[in-house]
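Listed below are the residues making up each chain.
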Amino acid sequence: MLIINCRFLSQKITGTQKFAIEICKEIKKQNKNVLFLSNPNILQKEIASNLEVKIVGEKSYKLFKFLKLPSGLLWEQLILPLYIKKYYPNAKLLNLINLAPILCENNYVVLHDVAFKKYPEFFKKIFLLVYNILVPIILKRAKKVFTVSEFSKSEITNFFKIDNKKIEVIYNAIDNVENKKTKAMNNEKYILAVGSLEPRKNMLRLIDAISQQDKYKLIIVGEQNSKVFNGKINIDKVDNIEFTGYVDDKTLNELYNNATVFVYPSIYEGFGIPPLEAQKFGIPVILSDIEVFHEVYGNSVYYVDPYNNKSILNGILRVIEDKNLQKKLMLAGYENIKKYSWRKSTKKILNILK
């Protein structure tokens, strides 16, 4: 029996939740002997229904909420392991987003990156406390640790002194969508950026860079999570910059489809899914010149210095105004996305679990 910890279904969808959801969909296709367990506070109800998720610990969860305790965390650390021990003592538990119940014996965990170690100043104190206590214990006790890039594997090894043979790389991927680029309405040229509004995504430098010109519009998709991250981005009205906040998949796909270029100036990532999504839509991609992006994207993107506003702006302007470069990046992007598949990544996880 394989059990999946589906606590992520009670969270809004960002990159890590996307990874978890797509892996779960594929596991359901490839492995019939699997049980999906979740806490009661499910936000992604349609996905939970498709996965036939079983909700456990409703009474205890309500009590945690009433007492204003961290209900999701307590469900994961107490209710989930007690339920498994009672009904499925020999089951393997797969945890897809960083944390796992330390009371479970057969834990397999995905740690996406170690940003909380590399840049602790970006995170809330309570978040750091929880991660700094739990993650080392989880990694030590886990039967196997998965992560999303060779770069993240080396970071985990260095920060936690874990034998790298215990860590397996499972790459992210993207949904299957048609490779089709249509013209924007009114032929408007706009720059698109997608990502949670947290410090390491480097949106402030991007905003400052774009504010130095008035020819092109920037659309930023994402929102701030004040429970996890320090530092707020000013989302007041700025000329030629539009903040959409969180959008549904249909709206996001339309924004991807009509963008002229995509920019992702992050200073630290474990993988970075949005640029891969942009490449699927045939958008030329501009990325930070950091190690992990060279691993994942190679020569299929245009690199800029994430710490230099002028470099960011010049890179954007060059790609927008050079049609030959746009075509080259578009074709290279189509080739790059062929390397990544949820089916292949899930098959690798299941083979290791077996």
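Here, the structure is the one placed above.
### A closer look at the overall build of the protein chain
Piece 1. Tallying secondary structure elements over the protein chain gives 14 helices and 13 strands in all.
Piece 2. The C-alpha radius of gyration computed for the protein chain amounts to 21 Å, which stays within 12% of the reference 20 Å derived for 354 residues, consistent with globular compactness.
Piece 3. Dimensions of the protein chain, computed from the C-alpha atoms along their principal axes, are close to 65 × 40 × 40 Å.
Piece 4. Taken over 354 residues, the protein chain has a buried fraction of 56%.
Piece 5. Looking at the protein chain alone, contacts between residues at least 24 apart form 66% of all its contacts between residues at least 6 apart.
Piece 6. For the protein chain, the computed accessible surface area is about 17,100 Å², with 51% contributed by carbon and sulfur atoms.

### Structural notes on a positive patch on the surface
Piece 1. A cluster of like positive charges, contributed by R343, K344, K347 and K354, occupies part of the molecular surface.
Piece 2. Tracing the backbone shows R343 in helix α14 (residues 342–353).

### Some details on the side chain of Q44
Piece 1. Positionally, Q44 belongs in the loop between β2 (34–38) and α2 (45–51).
Piece 2. In terms of polar contacts, Q44 uses its side chain to reach the backbone carbonyl oxygen of Q11, at 3.0 Å.
Piece 3. Excluding residues within four positions of it along the chain, Q44 makes contact with L9, Q11, K12 and I13.

### Brief notes about the packing of helix α12 (residues 309–321) against helix α13 (residues 323–337)
Piece 1. It is the contact of α12 with α13, at a shortest axis distance of 5 Å, that shows an interaxial angle of 95 degrees. Comparing the axis directions of α12 and α13 gives the class roughly perpendicular. Taken together, the residues of α13 that come into contact with α12 (itself represented by R318, V319, I320 and E321) are K323, L325, Q326 and L329.
Piece 2. When the residues that make up the contact of α12 with α13 are grouped by side-chain class, the tally is 4 nonpolar, 1 polar and 3 charged.

### Overview of the sheet that holds strand β3 (residues 54–55)
Piece 1. In spatial order, the strands read β3-β2-β1-β4-β5-β6-β7; together these 7 strands make up an open sheet with parallel pairing. The strands lining the two open edges of the sheet, one partner per strand, are β3 and β7 (167–169).
Piece 2. As paired strands, strand β6 (residues 144–147) and β7 are joined by 3 bridges and run parallel to one another. Residue F146 lies in a different strand from β7, and its bridge partner there is E168.
Piece 3. Its contacts with the sheet put helix α7 (residues 150–160) on β6 and β7, and the angle it makes with β7 is roughly 165 degrees.

### Re the sheet that holds strand β9 (residues 217–221)
Piece 1. Taking strand neighbours across the sheet as the criterion, the 6 strands line up as β10-β9-β8-β11-β12-β13 in an open arrangement whose pairing is parallel. Because the sheet does not close on itself, it has two edges, and the strands there are β10 (241–245) and β13 (302–304). Adjacent strand axes in the sheet meet at a mean angle of 25 degrees, parallel and antiparallel pairs treated alike.
Piece 2. Sheet topology note: the β9/β10 ladder contains 4 bridges and is parallel. Counterpart to L218 in the pairing with β10 is I241.
Piece 3. Strand contacts of helix α9 (residues 249–258): β8 (190–194), β9 and β11 (261–264), with the helix running at about 135 degrees to β8, the strand carrying the most contacts.

### Considering the pattern of salt bridges
Piece 1. Inspection of every chain in the model, using the stated rule, returns 14 salt bridges.
Piece 2. For the salt bridge of E335 with K338, the shortest nitrogen-to-oxygen distance reads 2.9 Å.
Piece 3. A relative accessible area of 48% places E335 in the partly exposed class.
Piece 4. Classification of K338 as exposed rests on a relative accessible area of 57%.

### Some thoughts on the state of the cysteines
Piece 1. Per the counting criterion, the structure on display carries 0 disulfides.
Piece 2. Unpaired in terms of disulfides, C104 finds its nearest cysteine sulfur in C6, a separation of 14 Å.
Piece 3. Residue C104 is classed as buried on the basis of its relative accessible area of 9%.

### So, the pairing of strand β4 (residues 92–95)
Piece 1. Relative to β4, strand β1 (residues 2–5) runs parallel, the two being bridged by 4 bridges. Residue pairing across strands places N5 opposite N95, the latter belonging to β4.
Piece 2. Relative to strand β5 (residues 107–110), β4 runs parallel, the two being bridged by 3 bridges. The partner of L94 across the bridge, within β5, is Y108.

So, how was this worked out
Residues numbered from 1 in each chain as written. Predicted model: local features only at pLDDT ≥ 70, side-chain atom pairs only at ≥ 80, totals over all residues. Heavy atoms only, no water. Helix = DSSP H or I, 4+ residues; strand = E, 2+ residues; numbered from the N terminus. Rg over C-alpha atoms; globule rule 2.2 N^0.38 Å. Buried < 20%, exposed > 50% of the residue type's maximum accessible area, 1.4 Å probe, protein only. Contact = heavy atoms within 4.5 Å. Areas by Shrake-Rupley, 256 points an atom, 1.4 Å probe, with all protein chains shown as cover. Patch = residues over 30% accessible without salt bridge, like charges linked within 9 Å, V, L, I, M, F, W, Y side chains within 5 Å. Salt bridge = Lys/Arg side-chain N within 4 Å of Asp/Glu carboxyl O. Lys, Arg positive; Asp, Glu negative; His and termini not counted. Charge placed at Lys NZ, Arg CZ, Asp CG, Glu CD. Polar contact = N/O pair within 3.5 Å; in protein donor to acceptor, adjacent residues only side chain to side chain. Axes fitted to C-alpha atoms, helices over the stretch in contact; angles between N-to-C directions. Parallel < 35°, antiparallel > 145°, perpendicular 65-115°, else oblique. Nonpolar A, V, L, I, M, F, W, Y, C, P; charged D, E, K, R; others polar. Pairing = 2+ DSSP bridges. Disulfide = S-S within 2.5 Å.

The values are spatial; any link to function lies outside them.
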